[in-house]
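# Architecture at a glance
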Number of protein chains: 2
Amino acid sequence: MLFQVDAHAAEPIFEQIVFQVKGGVAQGELAAGDRLPSVRDLARRLSVNPNTVIKAYDTLHREGVIVRRQGAGCFVSDAPSGLADAERARQLDQLVERTVTEAFHLGFGAGEIREAVDRHVKSVRFPGKNPGKNPHKNPGKNKNANKKRSSA
Amino acid sequence: MLFQVDAHAAEPIFEQIVFQVKGGVAQGELAAGDRLPSVRDLARRLSVNPNTVIKAYDTLHREGVIVRRQGAGCFVSDAPSGLADAERARQLDQLVERTVTEAFHLGFGAGEIREAVDRHVKSVRFPGKNPGKNPHKNPGKNKNANKKRSSA
DNA sequence: TCAACTGTTCTGTTTGATATAGAACAGTTA
DNA sequence: TAACTGTTCTATATCAAACAGAACAGTTGA
């Protein structure tokens with residue numbers, strides 16, 4: 001998986017990393033058990049301080065997206081959210097309210113908003129759905145994802 | 001309209017104000033031409049520095065949500081976004097990608113995401129749609145919104 | 001006209017988050 | 001055991017957010 005960050009963007013670097021990992025998992029580019037680049041490796045590749053990568057991985061770990069094994073590396077988790085249902089519902093509501101409100105002020109109508117959501121929902125690899133029809137993840141490409149030290 | 005902010009929230013105070021105004025407009029609680037509270041009044045009510053309110057109003061003005069008339073006040077604008085179509089599309093895409101990805105990691109499926117979007121889309125007062133069926137905005141409540149100095 | 005409101009624009013200061021640099025310690029793997 | 005992993009410190013620089021206070025300028029209505 002290819003990482004890239006923009007040091008001049010409004011979004012903090014560590015959050016850019018967090019979202020790229022989340023996006024990779026959602027798109028099926030990263031699967032449960034896959035190993036992330038090591039802290040030092042990713043920091044070198046992005047020309048960024050290792051502490052910044054650590055902060056990103058901390059966030060991903062806190063949200064249950066990855067698990068960390070000292071000495072071994074960080075791996076994509078397969079466990080679900082872990083939050084209480086009420087909290088999950090609250091967060092979804094807040095996310096969607098935000099997006100719909102902003103879309104409204106961008107001048108989009110109900111139909112256009114629903115279309116955009118549909119488009120993105122279809123690109124996501126939900127668990128137990130559409131096995132093997134995702135454009136990413138060349139079959140066999142990840143055969144040694146847990147063996148080698150690092151991958152793209 | 002009722003404003004409230006949380007000084008301890010992760011979101012900056014000025015952004016909370018911005019979103020509440022945007023939400024008010026989207027929900028039909030604020031209509032084009034309505035006057036916002038004055039900078040000093042809102043600052044006093046929220047126990048917040050006037051400069052913070054100014055920053056919020058600056059943002060709303062920059063995004064075309066309000067217009068400002070020195071000595072008179074700030075008013076809800078009726079002009080559309082003003083951004084180029086390509087930029088509007090780009091921003092919508094980014095918003096929706098973000099929300100769908102986060103919803104995925106919260107453990108929600110395609111159906112639940114679409115439902116949440118539907119629910120919020122229906123609560124929004126799109127221009128030229130559903131005249132007068134919105135639960136907010138008691139008819140006649142705003143009869144002097146442009147005459148009095150300040151309102152809730 | 002004038003008082004009382006409005007927005008606008010300064011100059012500061014404090015605080016916290018972001019990101020950097022560098023070092024050291026601890027577990028894993030081949 | 002060597003070379004990698006994650007982990008945990010300290011310290012520093014920079015910037016955004018929010019605060020405090022003052023002053024200037026336009027609008028409104030009595």
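The structure presented is a predicted model; accordingly, all values stated were derived computationally and were not measured.

## Some points on the overall build of chain A
Regarding its fold elements, chain A presents 5 helices and 2 strands. Per-residue burial over chain A gives 39% buried out of 152 residues. Taking the contacts inside chain A whose residues are at least 6 apart along the sequence as the reference set, 57% of them involve residues at least 24 apart. Just so you have it, chain A exposes about 8800 Å², and 51% of that area is on carbon and sulfur atoms.

## Here we look at the layout of surface pockets
By volume, the largest pocket is sized at about 2600 Å³. For the largest pocket, the lining is made up of 50 residues, of which Glu11(A), Glu15(A), Arg98(A), Glu15(B) and Arg98(B) are closest to its centre. When residues of the lining of the largest pocket are traced back to their parent elements, those giving at least two are helix H1 (13-26), helix H3 (50-62) and helix H4 (85-105) of chain A together with helix H1 (13-26), helix H3 (50-62) and helix H4 (85-105) of chain B. Looking at the lining of the largest pocket residue by residue, the class counts come to 17 nonpolar, 16 polar and 17 charged.

## What to know about the protein's contact with DNA strand C
Every one of the 26 residues lining DNA strand C counts as a neighbour, but Ile13(A), Thr52(A), Lys55(A), Gln70(A) and Arg40(B) are closest to it. The contact in question runs from a phosphate oxygen of DNA strand C to an N or O atom on the side chain of Lys55(A), over 2.5 Å. With respect to DNA strand C, the side chain of Gln70(B) contributes an N or O atom lying 3.4 Å from a base nitrogen. Contributions of two or more residues to the surface near DNA strand C are made by H1 and H3 of chain A together with helix H2 (39-46), H3 and strand S1 (66-69) of chain B. Top contributing element to the surface near DNA strand C by residue count: H3(A), with 3 residues.

## Observations regarding the packing of helix H2 (residues 39-46) of chain A against H3(A)
Residue and element names in this part refer to chain A. Where H2 meets H3, the closest approach of the two axes is 8 Å, and the angle between their N-to-C directions is 120 degrees. In terms of their interaxial angle, H2 and H3 are classed as oblique. Judged by the sense of rotation from one axis to the other, the crossing of H2 with H3 is right-handed. Contacts between H2 and H3 involve Val39, Leu42 and Ala43 from the first element and Pro50, Val53, Ile54 and Tyr57 from the second. Here the contact of H2 with H3 is composed, by residue class, of 7 nonpolar, no polar and no charged.

## Here we look at the pattern of salt bridges
Counted according to the given criterion, the structure contains 20 salt bridges over all chains. Residue Lys22(A) is joined to Glu102(B) by a salt bridge in which the shortest nitrogen-to-oxygen separation is 2.9 Å. One end of the pair, Lys22(A), is in helix H1; the other, Glu102(B), is in helix H4, on a second chain. Here Asp58(A) ties to Arg68(A) by a salt bridge, and the two come within 2.5 Å at their closest N and O atoms. Of this pair, Asp58(A) sits in helix H3 while Arg68(A) is found in strand S1 (residues 66-69), placing the two residues 10 residues apart along the sequence. With a relative accessible area of 31%, Asp58(A) lands in the partly exposed category. Overlapping salt bridges bring together Lys22(A), Glu63(A) and Glu102(B) as one network.

Criteria and cut-off values
- Residues numbered from 1 in each chain as written.
- Chains lettered and ligands numbered in written order.
- Predicted model: local features only at pLDDT ≥ 70, side-chain atom pairs only at ≥ 80, totals over all residues.
- Heavy atoms only, no water.
- Helix = DSSP H or I, 4+ residues; strand = E, 2+ residues; numbered from the N terminus.
- Buried < 20%, exposed > 50% of the residue type's maximum accessible area, 1.4 Å probe, protein only.
- Contact = heavy atoms within 4.5 Å.
- Areas by Shrake-Rupley, 256 points an atom, 1.4 Å probe, with all protein chains shown as cover.
- 1 Å grid on protein atoms, 1.4 Å probe; cavity = no way out; pocket = protein on both sides within 12 Å on 5 of 7 lines; lining within 4 Å.
- Points joined across faces, edges and corners; volume = space filled by probe spheres on them.
- Nonpolar A, V, L, I, M, F, W, Y, C, P; charged D, E, K, R; others polar.
- Near = heavy atom within 4 Å.
- Polar contact = N/O pair within 3.5 Å; in protein donor to acceptor, adjacent residues only side chain to side chain.
- Axes fitted to C-alpha atoms, helices over the stretch in contact; angles between N-to-C directions.
- Parallel < 35°, antiparallel > 145°, perpendicular 65-115°, else oblique.
- Left-handed = near helix turned anticlockwise from the far one by under 90°.
- Salt bridge = Lys/Arg side-chain N within 4 Å of Asp/Glu carboxyl O.

These figures come from the coordinates and say nothing about function on their own.
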